[in-house]
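The lines below spell out each chain.
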Amino acid sequence: MSEFEHVTPEEAGIDSSAIEAFLREEKKAGVELHSFMIVRDGKIAAEGWASPYRKDLRHPMYSFSKTLTATAVGFAVQEGLLSLDDRLTDLFPEYCPPVISDHLAKADLRSLLTMSCGHKSEMTMAEAERFDGNWIRAFLAHPFHFAPGTMFQYNTWGTDLAAAALQKKSGQTLIEYLTPRLFEPLGITDATCASRNMGDDFTKTVQGGGWGMKLTTLDMAKFIWFLEQDGVWDGKRLLNHDYIAQMSARQIETDNEIYNNGDIASNWLKGYGFQNWQCDVPGIWRADGAFGQFGLVIPQKNAVVVLTSCALNTEAELNIVYDTLLPAMKGDGAAEPLPENQAALSSLRSCLEDWQLPVLWGIRAPLLEKQYGKIRYIADSDSYPSVEDFIAGPGYFEKDGLSMKAVTFRFEDNVAYLDFELNKKAEHAAPAFAFDPFSPAGRTIPKGNEHLICHDDDPADAVTQTLAVGMDGKVRTSRLTRYSFTASGTFTSPSTFDINVRNTEMIESVNIRATFFRGMLNLEAVGSIPENSVLTIRDISGVHFSSQS
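All values reported here derive from a predicted model rather than from experimental measurement.

1. Some thoughts on helix H9 (residues 174-186)
Okay, step 1: In H9, a bend of some 55° at Pro-180 exceeds every other bend along the element.
Okay, step 2: A positive backbone phi angle near 75° is found at Gly-187, which sits one or two residues after H9.

Here's what the structure looks like:
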């Protein structure tokens with residue numbers, strides 16, 4: 001079984017109206033849900049994607065990735081490649097500090113999986129930079145205040161260290177190692193993982209086991225169902241019961257004076273297993289990624305629920321699942337089918353067919369389109385990023401090495417086209433990572449720190465990329481360097497044109513305001529996630545252009 005059978009919600013013991021209520025309540029709570037999938041008894045009871053997200057698109061999983069890393073470690077333990085008792089000093093002797101403390105000497109792989117290695121705080125990117133980017137050396141040098149296994153403190157670097165141990169022992173990346181053991185049996189073919197550079201003391205990068213994976217919603221559901229089935233897939237045991245039992249159990253309490261500073265929500269204070277969280281509802285545990293990437297294992301209902309989103313109130317996102325979906329699942333364990341409810345089912349299907357994220361409804365302004373259209377605006381600075389770097393959103397790590405050189409607006413029918421000329425001789429000196437995705441505090445790039453140098457103003461030396469913007473209440477799709485973007489826009493004043501653009505392989509939309517004034521153009525990009533929230537990079541000061549004389 002590499003694919004799930006589809007059934008109606010009622011056949012899975014769930015009233016269709018409860019699923020529609022779930023969607024309605026998430027929207028009411030301000031949760032920007034991108035997709036969901038409910039699997040019960042090994043069958044898909046309901047699924048949906050908010051346009052422009054689609055079932056074939058991979059979605060960033062952030063810390064949901066951690067549960068996959070813990071699973072990979074489980075396979076390595078099962079094969080005798082690793083042991084949960086392996087000491088960090090034995091795994092990485094070449095990176096140990098000159099003086100090894102008692103707590104560091106006792107820190108082991110198990111303490112990495114339970115986020116209790118002994119660190120009082122998470123290591124920062126600045127610490128890694130002090131070791132020439134060798135973050136493993138920095139991690140082991142970071143103070144180990146507590147005896148391993150005694151104090152929970154969230155620690156993404158620790159998960160990455162577990163992935164590094166696996167890579168060192170197996171000679172394979174996380175994706176390579178999981179492919180024959182997990183992905184191929186489950187029919188997962190499109191998993192990717194970003195990598196963390198090891199600085200000048202390592203010949204390879206290490207895939208970001210704590211943050212870097214992308215999967216489709218279906219593949220996320222397959223993985224979570226595999227866990228719900230105790231490591232069994234299609235009647236064959238892949239991962240042993242003992243490890244799954246340890247992985248899913250509460251291994252350590254999370255409500256302590258170090259982790260809980262008073263603003264941690266209840267669903268994160270019920271305990272932690274091997275790279276997964278216990279939930280407010282007893283018996284339910286979950287894979288959990290930033291901004292609401294969830295995979296809930298619900299053994300008492302023989303079900304899983306997978307969500308992708310761009311949410312700030314993730315506590316509400318989870319509680320709505322408990323309040324709307326969980327009570328609607330009839331039958332303890334296996335589903336207790338309900339009579340078909342054609343009216344409710346038709347209403348749900350209509351809701352899912354029409355489900356789309358908000359777009360800007362365009363107001364056509366022929367005089368303004370004529371005034372601003374087909375004018376070539378030239379960059380006033382040599383320090384601008386490329387258009388993709390400008391609008392890609394959180395989770396976008398690798399700069400494309402181009403720089404915005406000029407832009408021209410074209411208005412045709414119901415579409416605005418922004419033709420960006422990008423200098424292909426740009427020299428890039430920006431940081432490799434736009435933010436620190438490994439710390440709850442996050443990090444933004446200082447404004448003006450994207451160093452891209454335009455060499456000349458000859459259009460023949462430029463690459464042109466076009467962003468299409470729907471002006472009729474419908475998005476248009478454009479492929480730029482690496483990603484596809486959807487965009488809608490409208491004039492909001494005689495001198496401003498607003499655009500909402502979304503990278504469909506990231507989570508956030510970006511609002512671009514184009515302001516025209518006396519032969520000049522200013523572009524300002526601001527992300528939908530507030531500046532002070534984790535992982536935010538979109539708060540870039542204006543990009544200025546002057547019209548060509």
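2. Let's talk about the confidence of the model for the chain
Okay, step 1: With 87% of its residues at a pLDDT of 70 or more, the chain has an overall mean of 88.
Okay, step 2: Under a pLDDT of 50 for its full length, residues 425-460 has, in the predicted model, 96 contacts with residues more than four places off or in other chains.

3. What about the pairing of strand S2 (residues 32-40)?
Okay, step 1: Where burial is concerned, most of S2 is hidden: nine out of the nine residues are buried.
Okay, step 2: The pairing of S2 with strand S14 (residues 303-310) spans eight bridges and is classified as antiparallel. Looking at the pairing, Ser-35 lines up with Thr-308 of S14.
Okay, step 3: Relative to strand S3 (residues 43-49), S2 is paired through six bridges, and the arrangement is antiparallel. What sits directly across from Phe-36, in S3, is Gly-48.
Okay, step 4: With antiparallel pairing between neighbouring strands as the criterion, S2 and S3 make up a hairpin whose turn holds two residues, including Asp-41 at a positive phi of roughly 55°.

4. Thoughts on the pattern of salt bridges
Okay, step 1: The full count for this structure, using the stated rule, is 23 salt bridges.
Okay, step 2: Glu-253 is the partner of Arg-250 in a salt bridge, and the nearest nitrogen-oxygen pair spans 3.9 Å.
Okay, step 3: In this structure Glu-253 comes out as partly exposed when scored by relative accessible area, which is 49%.
Okay, step 4: A salt bridge links Asp-288 to Arg-286, with the nearest nitrogen and oxygen atoms 2.9 Å apart. The pair Asp-288 / Arg-286 is uniform in exposure class, with both members buried.
Okay, step 5: Within the structure, one salt-bridge network assembled from shared partners comprises Arg-58, Asp-190, Lys-214 and Glu-505.

5. Details of the packing of helix H1 (residues 16-28) against helix H12 (residues 314-325)
How two helices sit against one another is set out by the angle between their axes and by the gap between those axes.
Okay, step 1: Across the interface, H1 lies against H12 with an axial gap of 9 Å and an inter-helix angle of 155°. Taken as axis vectors, H1 and H12 run roughly antiparallel relative to one another. Viewed along their axes, H1 and H12 form a crossing whose handedness is right-handed. Side by side, H1 and H12 meet where Ala-18, Ile-19, Phe-22, Glu-25 and Glu-26 of the first sit next to Ala-316, Glu-317, Ile-320, Val-321, Thr-324 and Leu-325 of the second.
Okay, step 2: In the contact of H1 with H12, the residues fall into seven nonpolar, one polar and three charged.

Parameters and conventions
- Residues numbered from 1 in each chain as written.
- Predicted model: local features only at pLDDT ≥ 70, side-chain atom pairs only at ≥ 80, totals over all residues.
- Heavy atoms only, no water.
- Bend = angle between axes of the 7 residues up to and from the residue.
- Helix = DSSP H or I, 4+ residues; strand = E, 2+ residues; numbered from the N terminus.
- pLDDT = per-residue confidence, 0-100.
- Contact = heavy atoms within 4.5 Å.
- Buried < 20%, exposed > 50% of the residue type's maximum accessible area, 1.4 Å probe, protein only.
- Pairing = 2+ DSSP bridges.
- Salt bridge = Lys/Arg side-chain N within 4 Å of Asp/Glu carboxyl O.
- Axes fitted to C-alpha atoms, helices over the stretch in contact; angles between N-to-C directions.
- Parallel < 35°, antiparallel > 145°, perpendicular 65-115°, else oblique.
- Left-handed = near helix turned anticlockwise from the far one by under 90°.
- Nonpolar A, V, L, I, M, F, W, Y, C, P; charged D, E, K, R; others polar.

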